[in-house]
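# Observations on chain architecture
As a plain string of letters, each chain reads:
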Amino acid sequence: MPKIYHYTKLSTAIEFILPSMTLRTNFLNKMNGPKENQKWSFGGINVPYETLYSDLDYEADSDKAHFDSMYRFGEEIKSKIQATCFVYSDKYQGYENEMMWAQYAENHKGICLEIDTDLFIEENKHIDIFKFQDINYNPKKNEWVYWNRNMTKEENIEQHIKRDYEALFLSKSHYWRKEYEKRLLIISDSYCYLNIKNSLTGIYYGLFTDRNYDVAIQQFIEQEKTKTYRVYFEDNRLKKMERKSTVHNKELS
C-alpha cells in the first residue's frame with residue numbers, strides 16, 4: 001500500500017497532532033508557497049464588482065477600486081479552500097527528502113510522519129474531500145471568471161473553484177518539483193481535522209531531533225501499529241534505522 005509523508009515541527013507533533021491523532025488543515029494564505037501568499041486577481045466576464053464591494057469608491061478612483069475589488073474576490077476564493085500537504089513519490093521514500101527536512105521540520109529537529117494512504121482515506125471517508133492529488137509543476141494559466149447572474153456570490157465562487165481548481169490550488173513552478181507534493185483539498189472556510197489514528201504507520205526522527213522527547217512521543221502510539229525510526233546520513237543519502245521503545249526499554253536505539 002502506498003505511503004504518504006507529512007513533515008512537522010516537534011512541538012506541533014507533541015502538543016497537537018499526536019495527542020489528538022489528527023492533522024489540521026490550513027488556509028492557503030498561511031502556507032509556505034509564494035503563490036498562496038500573493039494577492040490573486042482574475043479576468044472576468046460580467047463580474048459585478050461594484051455591487052459585490054459597494055464600499056469601494058469607484059467614482060474617485062475607478063482603477064484602484066477595480067483592482068482592490070479583484071483582489072478581494074481573489075481572497076474570497078482562496079478562503080474557501082482548506083489544504084493539507086504530503087510528500088509522495090513512487091521513486092523515493094518520503095522520509096529521504098532532505099529539502100523537506102530543512103524547510104518543514106526545523107532542519108532535522110522535527111519529525112516526519114508516515115501514513116498509509118488507503119487506511120487514511122478509509123478513516124476519513126466521513127469527510128467530504130474535494131481533491132487529493134499530486135501537485136502539477138507545469139502550471140496552467142488561471143481561467144477567467146464567468147459570472148452567472150442567476151447564482152449567488154458563494155455559488156459563483158464554488159463554480160469557479162470546481163472548474164479551475166488545478167491551476168488555482170494544485171500548481172507550482174518547476175522550482176518546487178523536488179518537494180514531490182501531494183495535496184488534499186477540502187471546500188470549507190474553517191479548519192478541518194483529518195484522522196490518522198489507524199493510518200499512522202511510522203514516525204521518523206530527524207538527524208537532530210532531541211531524544212529527550214522520545215517518551216513524550218511514544219506515549220501516544222501503539223508500537224505494533226506505528227514504528228519509530230531515526231534517519232542517518234550515509235553514502236550521500238538519508239537512510240533509516242528502527243528504534244526500540246523507550247517506554248518499556250530505557251536504552252535508546
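So, here is what we can say about the structure in this document. Not measured: the values here are computed from a predicted model.

What follows covers the nonpolar core. Counting 28 residues, the largest nonpolar core has Phe 73, Ile 77 and Phe 169 as its most contacted members. Residue assignment for this core shows that the elements contributing at least two residues are helix H4 (62–79), strand S5 (81–87) and helix H7 (153–169). Of all the elements, H7 adds the most residues to this core, at five residues. Excluding residues that lie within four positions of it along the chain, Phe 169 makes contacts with Leu 28, Trp 40, Ile 77, Ile 81, Ile 135, Ile 161, Arg 183 and Leu 185. Formed by 25 residues, the second largest nonpolar core is a distinct cluster that contains Leu 10, Phe 120, Cys 192 and Ile 221.

Attention now moves to the pairing of strand S6 (residues 111–116). Looking along a regular strand, one sees side chains alternate from face to face of the sheet. Taken across its six residues, S6 has six buried, putting it largely inside the fold. Residue alternation in S6 divides its side chains into two sets, Ile 111, Leu 113 and Ile 115 and Cys 112, Glu 114 and Asp 116, and both sets are buried. The pairing of strand S1 (residues 3–8) with S6 spans six bridges and is antiparallel. Residue pairing across strands places Tyr 5 opposite Glu 114, the latter belonging to S6.

Moving on, we come to the pattern of salt bridges. By the definition in use, this model includes 20 salt bridges. A salt bridge links Lys 225 to Glu 222; its shortest N-O distance comes to 3.8 Å. Members of the salt-bridge network, linked through shared partners, are Glu 36, Lys 172, Glu 179, Glu 181 and Arg 183.

Take unusual backbone geometry next. One non-glycine residue with positive phi stands out, namely Met 21, at about 50°. Residue classification places Met 21 among the buried positions, given a relative accessible area of 11%. One non-glycine residue with positive phi stands out, namely Asp 235, at about 55°. Secondary-structure assignment places Asp 235 in the loop between strand S12 (227–234) and strand S13 (237–242). In this structure Asp 235 comes out as exposed when scored by relative accessible area, which is 60%.

Over its 17 residues, H7 runs only 20 Å from end to end, short of the ideal 24 Å by more than 12%, given 1.5 Å per residue. The largest bend in H7 amounts to roughly 70° and is located at Arg 163. For H7, every residue scored as buried is listed here: Asn 156, Ile 157, His 160, Ile 161, Asp 164, Tyr 165, Ala 167, Leu 168 and Phe 169. Buried-residue contacts for H7 involve helix H2 (34–37), H4, S5, strand S7 (131–134), strand S8 (145–146) and strand S9 (181–187).

With that settled, consider the packing of aromatic side chains. Using the criterion set out here, one finds 14 aromatic pairs in the structure. Seen from their ring centres, Trp 40 and Phe 169 are 6.0 Å apart, and the 40° between their planes marks the pair as tilted. Separated by 129 residues along the polypeptide, Trp 40 in the loop between H2 and strand S4 (44–45) and Phe 169 in helix H7 bring together distant segments of the chain. When its relative accessible area of 1% is taken as the criterion, Phe 169 is described as buried. Their ring planes at 50° and their centres at 5.7 Å tell us that Tyr 92 and Tyr 180 sit as a pair that is tilted. Note that Tyr 92 is positioned in the loop between S5 and helix H5 (98–104) and Tyr 180 in the loop between H7 and S9, a separation of 88 residues in sequence. On the basis of relative accessibility, which here comes to 46%, the residue Tyr 92 falls in the partly exposed class. Tyr 180 gets classed as partly exposed once you look at its relative accessible area, which sits at 24%. Taken together, the aromatic side chains of Tyr 5, Tyr 95, Tyr 204 and Tyr 229 make up a single cluster linked through ring pairs. A cation over a ring is seen here: Lys 182 above Phe 132, with NZ or CZ 5.3 Å from the ring centre. Arg 243 extends its terminal NZ or CZ atom over the ring of Tyr 205, reaching a point 4.3 Å from the ring centre.

About the criteria used
- Residues numbered from 1 in each chain as written.
- Predicted model: local features only at pLDDT ≥ 70, side-chain atom pairs only at ≥ 80, totals over all residues.
- Heavy atoms only, no water.
- Core = buried A, V, L, I, M, F, W, Y, C linked by side-chain atoms within 4.5 Å.
- Buried < 20%, exposed > 50% of the residue type's maximum accessible area, 1.4 Å probe, protein only.
- Helix = DSSP H or I, 4+ residues; strand = E, 2+ residues; numbered from the N terminus.
- Contact = heavy atoms within 4.5 Å.
- Pairing = 2+ DSSP bridges.
- Salt bridge = Lys/Arg side-chain N within 4 Å of Asp/Glu carboxyl O.
- Expected span 1.5 Å × (residues − 1).
- Bend = angle between axes of the 7 residues up to and from the residue.
- Phe/Tyr/Trp six-rings, centres within 6.5 Å; stacked < 30°, edge-to-face > 60°.
- Lys NZ or Arg CZ within 6 Å of the ring centre and 35° of its normal.

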